[in-house]
Structure formats: structure tokens, C-alpha cells
Amino acid sequence: MPELGNNAKAGLVTALNGVLADTVALYFKTKNFHWHVAGPRFRDLHLLFDEQAAQLIGTVDDIGERVRKNDEYTLTSIGTVAAETKIKDQDDVTITADAMVAELRDDNRKLHGRLETVKEEAEAVGDNATSGIVDDWIDQCEERIWFLNQSSK
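These lines cover the structure that appears in this document, whether it is placed above or below. (Residues numbered from 1 in each chain as written. Predicted model: local features only at pLDDT ≥ 70, side-chain atom pairs only at ≥ 80, totals over all residues. Heavy atoms only, no water.)

Within the chain, the secondary structure is distributed over five helices and zero strands. For the chain, the sequential pattern of α-helices and β-strands runs α-α-α-α-α. The burial tally for the chain puts 44% of its 153 residues in the buried class. Charge-centre separation for the chain: the mean point of 17 positive side chains lies 3 Å from the mean point of 28 negative side chains. (Helix = DSSP H or I, 4+ residues; strand = E, 2+ residues; numbered from the N terminus. Buried < 20%, exposed > 50% of the residue type's maximum accessible area, 1.4 Å probe, protein only. Lys, Arg positive; Asp, Glu negative; His and termini not counted. Charge placed at Lys NZ, Arg CZ, Asp CG, Glu CD.)

Dropping the structure here:
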């Protein structure tokens, strides 16, 4: 792979760090809902949220390492995650299960958009490794959206 140069890869690194921020924030929100879901669908949603949280946290290291493999720095703290994420906090632990499902579906859609940006940026600079890996992240995100969408019907 040719040397990318800081200017050429700036868009890719920014996109990766945005995805990292959204993934960490969405992980925490999904775990929050896992802990606080209540009602007649408790068991199903409790398990679904836990599975999705595990999938999200499973990609965090890979995302950070893609940034480092581009010889740049990742996010370093909760503060940097908060500054870079598009995922809004949800501190109301009494929202309905349906509201939780809808919020996670919509947040995964936001993450999907940012993953698409990573794909575009990776291809623009010829980073085939990142382009290939992000396909898996997109597929996982689409599956989460699908499951949440089906759970809201």
C-alpha cells in the first residue's frame, strides 16, 4: 500500500474516530437499556440488547487499531467520545421498552451512516484493508437495525 500521507488520510482517520465514538456511546446506551428494560418482553429484549452490546464492544478494539495502523491517534477518554459521538445520551431509566427499541434502531442507523463514510474514505485513499473490514461492521450494523426493526412491530 502506498504511503498515504497525513493530509490524504485525515478524512479516513476522522471518520474512523467518529465511528469509534459512536460505537462506544452506543455500546453504553445498549447496556443501559439491557439493565433497565422492563415489561412483558423483558426476557427477549434483555437478551437482544446484551447480544447487541457484546457485538458493539467486540468492534471497538478493531476500530481503534485501524486508526493506529494509519499512524494516527484514537480517542482517549469518555470526554473525547462525548465530544465526537452523534449518539445522544438517554438517562431516563423508565422509558418504555418500545421507546428503547426505537431509539437503538435509530442510533444504529446513525452509526450505519458513519460506517458508510469510513468505507468511502478508505476507498478514496486506497486503504483496502479498512475498506474490507468496514464491510463486516456495516453488515453487523444492518443486522442490529433489522432485529430492532422487527422487534418494534
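After presenting the structure, the write-up continues.
By size, the foremost hydrophobic cluster in this structure holds 37 residues, and its most contacted members are L16, L45, F49, L111, L115 and V118. Secondary structure elements with two or more residues in this core: helix 1 (6–36), helix 2 (42–69), helix 4 (97–124) and helix 5 (128–151). Take this core: its biggest share by element is 10 residues, from helix 1. In this structure V118 touches L12, A15, L16, V19, T130 and V134, once residues within four positions along its chain are discounted. (Core = buried A, V, L, I, M, F, W, Y, C linked by side-chain atoms within 4.5 Å. Contact = heavy atoms within 4.5 Å.)

We now examine unusual backbone geometry. Of note, the phi angle at D71 is positive, near 60°, even though the residue is not glycine. With respect to the helices and strands, D71 occurs in the loop between helix 2 and helix 3 (78–84).

Further remarks concern the side chain of K119. Its location among the elements puts K119 in helix 4. Once residues within four sequence positions are removed from consideration, K119 is found in contact with S131, V134, D135 and I138.

A separate point is the packing of aromatic side chains. A full pass over the atoms with the stated rule returns three aromatic pairs. Plain terms: the ring middles of F28 and W35 are 6.4 Å apart, the flat faces sit at 85° to each other, and that makes the pair edge-to-face. One exposure class covers both F28 and W35, and it is exposed. Look at W146 and F147: their rings are 5.0 Å apart centre to centre, the planes differ by 85°, and that puts the pair in the edge-to-face class. (Phe/Tyr/Trp six-rings, centres within 6.5 Å; stacked < 30°, edge-to-face > 60°.)

That's the geometry; what it means functionally is another story.
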